[in-house]
Amino acid sequence: MHASSGSPAVSTTGSSSGTSGVGGTRPARQNAGADPGGARGRRAGLGIALLSACAFGGSGVAAKPLIEAGLEPLHVTWLRVTGAALVLLPLAWRHRDLVRRRPGLLMGFGLLAVAGVQGCYFASLSRIPVGVALLIEYLAPALVLGWVRFVQKRPVSRSAAVGVVLALGGLACVVQVWSGLTFDALGLVLALGAACCQVGYFVLSDHGTDGDDPVDPLGVIAYGLLIGAVVLTVLARPWGMDWSVLGGSAELNGTQVPAALLLGWIVLIATVLAYLTGVVSIRRLSPQVAGVVSCLEAVIATVLAWVLLGEHLAAPQLVGGAVVLVGAFIAQSAKPKPKTAAGDAAERDASARAA
């Protein structure tokens with residue numbers, strides 16, 4: 001889900017939503033029961049979802065050589081978000097009424113789901129392997145369950161709790177806690193920060209797709225990128241960036257690749273194409289199926305990092321990564337428990353007190 005990086009996923013609050021990776025996070029509204037082409041439409045949707053997962057999964061592999069070539073992680077983030085925002089300007093103009101209708105939603109999405117996720121994810125890449133960073137970001141579904149249970153005070157299903165336990169246990173294997181955390185501690189914290197920012201995406205998606213005033217996810221994507229670009233401009237101060245790096249080359253596991261080509265991949269493929277195909281796929285598939293395919297993003301990122309960057313993971317880490325994905329999938333696809341009469345009464349009392 002990196003908004004990463006981020007990929008289409010299901011909010012455990014029960015609403016349909018999409019995701020990151022910084023990064024990773026992708027906003028999407030599932031049209032319940034929509035199946036425009038029957039079996040053929042589902043096959044097309046699966047293909048588009050797989051394309052989206054591949055596009056998002058390749059962002060870290062393309063970004064890390066640029067960081068190692070001399071660009072700051074925040075500068076790479078700014079280039080990615082700003083480039084994608086410029087490409088999607090026509091969408092922003094088409095949905096310009098959103099600025100008046102839902103300014104809070106757009107601002108929150110830009111700050112958390114775009115600037116926060118992407119910034120934390122790319123910063124973590126300079127310290128830990130791509131696959132590890134993305135797997136940690138996949139803790140977002142577990143963190144969403146914590147939000148639902150302890151902030152919204154809603155019960156969660158047993159299967160969702162099992163998914164959380166599996167994800168945490170798998171993560172312990174990935175970072176090899178028995179060895180005293182073999183990876184850079186700050187890198188792990190930054191990856192966890194990307195996961196926390198992705199929680200904001202899920203919560204905002206819940207507000208953005210429900211109610212009497214739903215919003216088009218394409219408009220939210222466009223304005224989220226624009227707002228993220230403005231925020232990152234202030235933080236990254238690109239006028240101090242070493243622009244000469246983009247005119248040179250970066251090393252991809254011993255092979256020199258034009259830096260501009262890597263940047264073009266990040267902007268056009270890993271951001272614009274990934275977001276748009278993610279939205280299309282989740283509208284053709286059920287949320288559960290889209291959630292399964294989204295888990296492939298972490299697998300694709302790990303395999304690409306292994307092949308293209310030479311980042312090899314040990315057997316326990318590979319097993320732990322698989323467990324993280326299984327736990328994340330269970331947490332995403334678990335249905336919320338139905339509210340009880342007592343729960344409804346408590347919620348009404350709380351609303352009355354707040355009023």
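Residues numbered from 1 in each chain as written. Predicted model: local features only at pLDDT ≥ 70, side-chain atom pairs only at ≥ 80, totals over all residues. Heavy atoms only, no water.

**A look at the overall build of the protein**
Rules: Each helix corresponds to a stretch of at least 4 residues labelled H or I by DSSP, and each strand to a stretch of at least 2 residues labelled E; elements are numbered beginning at the N terminus. Only protein chains enter the calculation, and the probe is 1.4 Å; a residue is then buried if its accessible area is under 20% of its type maximum, exposed if over 50%, and partly exposed in between. Only the protein chains shown count as cover for residues, and the accessible areas themselves come from Shrake-Rupley with a 1.4 Å probe.
Broken down by element type, the protein carries 16 helices and six strands. For the protein, buried positions account for 55% of its 355 residues. Surface accessibility of the protein: about 14,600 Å² in total, with carbon and sulfur atoms responsible for 67%.

**Quick word on the pairing of strand β6 (residues 255–258)**
Rule in force here: By definition, two strands form a pair when at least two bridges between them are found by DSSP.
Bridging between strand β5 (residues 249–252) and β6 involves four bridges; their strand directions are antiparallel. Residue pairing across strands places S249 opposite P258, the latter belonging to β6. The antiparallel pairing of β5 with β6 creates a hairpin that spans two residues between the two strands, and N253 there sits at a positive phi of about 55 degrees.

**A short note on the pattern of salt bridges**
Side-chain pairing between opposite charges can occur once the charged atoms of the two side chains come close. Definition in use: Throughout this description, the term salt bridge denotes a Lys or Arg side-chain nitrogen within 4 Å of a carboxyl oxygen of Asp or Glu.
A complete count under the given rule lists three salt bridges for this structure. With a shortest N-O distance of 2.8 Å, E311 and K64 are connected by a salt bridge. Of this pair, E311 sits in the loop between α14 (296–309) and α15 (315–333) while K64 is found in helix α2 (residues 59–68), placing the two residues 247 residues apart along the sequence. A salt bridge links R101 to D97; the shortest N-O distance between them is 3.0 Å. Residue classification places R101 among the partly exposed positions, given a relative accessible area of 27%. Taking relative accessible area as the criterion, D97 reaches 29% and is therefore assigned partly exposed.

**Side note on unusual backbone geometry**
Positive phi is not limited to glycine here, since R237 has a value of about 45 degrees. Here R237 is to be found in the loop between α11 (217–236) and β5. For R237, a relative accessible area of 51% puts it in the exposed group.

Interpretation note: all reported values are geometric properties and have no functional meaning in isolation.
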